[in-house]
Amino acid sequence: MANLTIDAVKAMTFDAIVIGSGISGGWAAKELCQKGLKTLVLERGRDVKHGTDYPTANLNPWDFPHRGQLPLDIRAEYGKSRSFMREETLQWAIKEGEQPYVEEKPFTWTRGYHVGGKSLLWARQTQRWSDFDFEGPARDGFAVDWPIRYTDIAPWYSYVEKFAGISGNKDGLPQLPDGEFLPPIQLNCVETHLKEVLAKNYQDRHVVQGRCAHLTKPQPIHYQQGRAQCMHRTLCVRGCPLGGYFSSNASTLPWAENTGNMTLRPHSVVHSIIYDEKRPGRASGVRVVDGHTKQMMEFYAKIIFVNSSALSSNLILLNSISSRFPNGLGNDSGLLGKYIAWHNYRGRVSAQVEGFLDKTTDGKNPSNGYMPRFRNLHKQETDFLRGYAAGVGGGRGSIQNRDGLGADLKASLLTPQPGPWNVSSWMMGETVPIEKNHVRLDTLQKDPYGIPLLVTSADWTENDDKMVNDYMEQLTEMFTLAGFKNIKAADSHSAPGSDIHEMGGVRMGRDPKTSLLNKWNQLHHCKNVFVTDGACMTSTATQNPSLTYMALTARAANFAVNELKKKNL
Amino acid sequence: MKRRGVIKHLTLATGAFFITPSWASRWSKASAVSEPGFLSVAERDLLAEVVDTIIPVTNSPGESTPGAKDLGVHLFVERMLADCYEKPTQQKVINGLKAVSTMSTESYVKPFEQASTTQRLAVLTRMANSTDTNQQEFLALMKSLTIQGYTTSEYVMTNFYHYVMAPGHYYGCIPA
């Protein structure tokens, strides 16, 4: 700061800085701007304007020259970014070398390096947590007790649900609390059949409509955001020009922009957070490497929200070194980067369905059926800890006879026959965070911006293997009871992280000795820094995590502004 | 008609958003056609006849349905082979086309392009059932790419498969 004039410093100074523009960063931006704070939102990737920057959104299948498949030269350029390797979604993939990382053990790290982040890539499932989840670590003796309970977050779930627009059915299940719902998307014949079979045969197993962030019936608050009803295109991964589902781009960022308080700065790779040696327990700003010029610059603010996605937030804090914090910002406990966890999506059970041939579906379903966790819910009943939820979906395809050549083949192709119903379920298991599963900085290698590479060191445990087996057994049993045929259960043995739900490393807790963040997502030892993305998660539960990140972020932002007003920050 | 209303509305709302990114410059039809592939002009013409034999023009009373060549499927097949397949596969296709040509000349004393429909089908059927795995693989690849290109064409998707980009609804269980 010493070499800058007062005016120059002023130009680089804001009330708040938000690192990251994804699902949680967007919420931080909206809340802080709405409360009158001049807020700088830093995004390491390029800008993506809602509507205009979804290049494939309105293309028909025949508009894609390779029908979705990517040319070999493009595949080579993008290397490991496999999940989005399709012509329609290539715009969200990152090129090989953009941010390399060191896989000490195999770990799939999917990133969304553009404005909106993974809010343009998510599955849009939004299930609330319950106290079965918040009380999990304390009851089952792992990780550390969550500093909050369901009652702390419930009003914030409602708050974000009303704004984001969540479709769902009120099911009255204690393990899956009801929310502020727009009309649900229907279950299909087979999902409803399974629901009835489970209700008849079990006390505690249910199939419900997956709660999802789709505007089935937009309310005035959604029209005010410029969004419109979901048209069931199911082209969500290309970006939705209608804003039919919730994304930062369609919702929170334009809302923040409209306050006049937001400065959005793309191509800004955050290097570290600057610790304020003059004001103990406070940070003064962030160091940013410009994505184009590679020049380092500094921005200053009273509060800093870290929302750069779970592992990137760990990386930034680990790289924020000062004489006070030689091991990373706020890291007196030595736990920063540890207790990384994710979701276990290894199991899949699919089957064919006999019957229902007089029934079909019409239109397209952007959601699916959902089986909330039933294992070890009220008491420990298996030889593994915790449990799993399951997605359930399926439908009726058509059959094309592809035999022969010439006119016969053509006639078959042009008259597809309705096929049988099929059903499929996918596992969403809780992994138990352990100290050994961690990320840290590589001591030698650096990325193109001069930032140390992240080392991922995380692996499955015996608990995960047992859970996959139980999932396969239980789903097979339930499918058998439902009369489904040709049931196939499989364990993909995919690498950790393939679920794209990596969490932890900067966990919340009650005690600074055993956690990094307090119950307001505030670093115990650096009060004006808040971490509200996946990094803050003490445990993982079984629910898709984004809704909980949104609620935690809105809650923390509200707290931060109040603390600022009280001059506590 | 309600469905039409929905689509019209969608077009109004999103009509301005057809912006192609720089990495997708190969998407325009003109460039896809004029861009030199890995085939010679003669090979390209032969490929067109092969895909058109796999899915030919057919006539039913009062109506003619286009075949693969009419819908430009041979250009799609060449583009796929040029961009998405390795060199050895491309060479296999060139060899396969040569074999088609040779078999036609040897059996019927005329080039494949001038052979009758029955004769052409006989050539391709022999390749499909050949003991030579190269010929089998060539025909399997031609057939699968031709089916892919044909069934994902605008003509077939809109006229036969009732393709609708934005149905506007999902009914989970209705009479078939």
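Residues numbered from 1 in each chain as written. Chains lettered and ligands numbered in written order. Predicted model: local features only at pLDDT ≥ 70, side-chain atom pairs only at ≥ 80, totals over all residues. Heavy atoms only, no water.

**Thoughts on the side chain of A:N344**
Residue and element names in this part refer to chain A.
No. 1: Along the chain, the position of N344 falls in strand β13 (residues 343–344).
No. 2: Residue class for N344 comes out buried when judged on its relative accessible area of 0%.
No. 3: A polar contact of 3.4 Å, which involves the side chain of N344, links it to the backbone oxygen of D464. (Helix = DSSP H or I, 4+ residues; strand = E, 2+ residues; numbered from the N terminus. Buried < 20%, exposed > 50% of the residue type's maximum accessible area, 1.4 Å probe, protein only. Polar contact = N/O pair within 3.5 Å; in protein donor to acceptor, adjacent residues only side chain to side chain.)

**Comments concerning the UniProt feature "domain: Glucose-methanol-choline oxidoreductase C-terminal" (unreviewed entry) in chain A**
No. 1: In this numbering, the UniProt entry assigns the feature "domain: Glucose-methanol-choline oxidoreductase C-terminal" (unreviewed entry) to residues 433–552 of chain A.
No. 2: Strand forms 28% of residues 433–552 of chain A and helix 22%; the C-alpha atoms that close the span are 20 Å apart. (UniProt positions renumbered as here; feature names shortened; annotations may be inferred.)

**What about the state of the cysteines?**
No. 1: A complete count under the given rule lists one disulfide over all chains for this structure.
No. 2: Two residues share a disulfide in this structure: A:C189 and B:C173, whose sulfurs sit 2.0 Å from each other. Measuring the twist about the S-S bond at about 115 degrees, one finds the A:C189-B:C173 disulfide to be right-handed. In this pair, A:C189 sits in helix α7 (residues 189–201) while B:C173 sits in strand β3 (residues 170–175), so the two residues belong to two different chains.
No. 3: Judged by relative accessible area, which is 5%, A:C189 ranks as buried.
No. 4: The class for B:C173 is partly exposed, based on a relative accessible area of 34%.
No. 5: Sulfur of A:C240: no disulfide; nearest cysteine sulfur belongs to A:C236 and is 6.6 Å away.
No. 6: We note that A:C526 lacks a disulfide partner, and the nearest cysteine sulfur, in A:C536, lies 17 Å from it. (Disulfide = S-S within 2.5 Å.)

**A closer look at the nonpolar core**
No. 1: Formed by 116 residues in total, the largest nonpolar core has its most connected members in A:I273, A:V286, A:I303 and A:F305.
No. 2: With sequence-adjacent residues up to four places away left out, A:F305 is seen in contact with A:I17, A:V18, A:I19, A:A28, A:L32, A:F530, A:T532, A:T553, A:A556, A:A557 and A:A560.
No. 3: By size, the runner-up hydrophobic cluster in this structure holds 37 residues, among which are B:F38, B:V93, B:F112 and B:V156. (Core = buried A, V, L, I, M, F, W, Y, C linked by side-chain atoms within 4.5 Å. Contact = heavy atoms within 4.5 Å.)

**Points about the sheet that holds strand β23 (residues 522–523) of chain A**
All names here are of chain A.
No. 1: The six strands lie next to each other as β7-β2-β1-β11-β24-β23, forming an open sheet whose pairing is mixed. Strands with a single pairing partner mark the edges of an open sheet, and in this sheet they are β7 (262–265) and β23.
No. 2: Set on the sheet, helix α13 (residues 546–565) makes contact with β11 (303–306), β23 and β24 (526–531); between it and β11 the angle comes to about 170 degrees. (Pairing = 2+ DSSP bridges. Axes fitted to C-alpha atoms, helices over the stretch in contact; angles between N-to-C directions.)

**A few points about the packing of helix α5 (residues 87–108) of chain B against helix α7 (residues 133–151) of chain B**
Residue and element names in this part refer to chain B.
No. 1: For the pair α5 and α7, the least separation of the axes is 9 Å and the interaxial angle reads 100 degrees. The angle between the axes of α5 and α7 places the two elements in the roughly perpendicular class. Along the contact surface, α5 presents T89, K92, V93, G96, L97, A99, V100 and M103, while α7 presents N134, Q135, E137, F138, L141 and M142.
No. 2: Looking at the contact of α5 with α7 residue by residue, the class counts come to eight nonpolar, four polar and two charged. (Parallel < 35°, antiparallel > 145°, perpendicular 65-115°, else oblique. Nonpolar A, V, L, I, M, F, W, Y, C, P; charged D, E, K, R; others polar.)

**Quick notes on the domain arrangement of chain A**
Buried accessible area, meaning the area lost when the parts come together, often serves as the stated size of an interface.
No. 1: Domain annotation of chain A identifies domain 1 (14–53 + 104–167 + 246–341 + 438–445 + 501–568), domain 2 (56–90) and domain 3 (169–210 + 343–430 + 460–495).
No. 2: Using only C-alpha atoms to locate each centre, domain 2 of chain A and domain 3 of chain A end up separated by 28 Å. (Domains from an automatic or database assignment.)

**A short note on the pattern of salt bridges**
No. 1: One pass over the structure, following the stated rule, counts 34 salt bridges over all chains.
No. 2: Here A:R346 and A:D491 are joined by a salt bridge, their closest N and O atoms 2.8 Å apart. One end of the pair, A:R346, is in the loop between β13 and β14 (347–353); the other, A:D491, is in strand β21 (residues 485–491), and 145 residues separate them in sequence.
No. 3: Of the charged contacts, one joins B:R120 and B:E49 as a salt bridge, the two residues approaching to 3.0 Å between their closest N and O atoms. Of the two residues, B:R120 is situated in helix α6 (residues 117–128) and B:E49 in helix α3 (residues 41–54); the sequence distance between them amounts to 71 residues.
No. 4: We classify B:R120 as buried; its relative accessible area is 13%.
No. 5: Here the residues in one salt-bridge network are A:E135, A:D145, A:R149 and A:R510, joined through shared partners. (Salt bridge = Lys/Arg side-chain N within 4 Å of Asp/Glu carboxyl O.)

**Description of the interface of chain B and chain A**
No. 1: Facing 59 residues of chain B, the contacting portion of chain A comprises 58 residues.
No. 2: Where chain B abuts chain A, roughly 5200 Å² becomes buried across the two surfaces, and 66% of that area is made up of carbon and sulfur atoms.
No. 3: Across the contact surface, chain B and chain A share zero salt bridges.
No. 4: Counting across the interface, chain B meets chain A through 23 residue pairs in polar contact (both at pLDDT 80 or more).
No. 5: Taken together, the elements giving at least two residues each to the side of chain B that touches chain A come down to α1 (2–14), α3, α4 (73–84), α6, α7, α8 (154–159) and β3 of chain B.
No. 6: Looking at which element gives the most residues to the side of chain B that touches chain A, the answer is α7(B), with seven residues. (Buried area = accessible area lost by both parts, 1.4 Å probe.)

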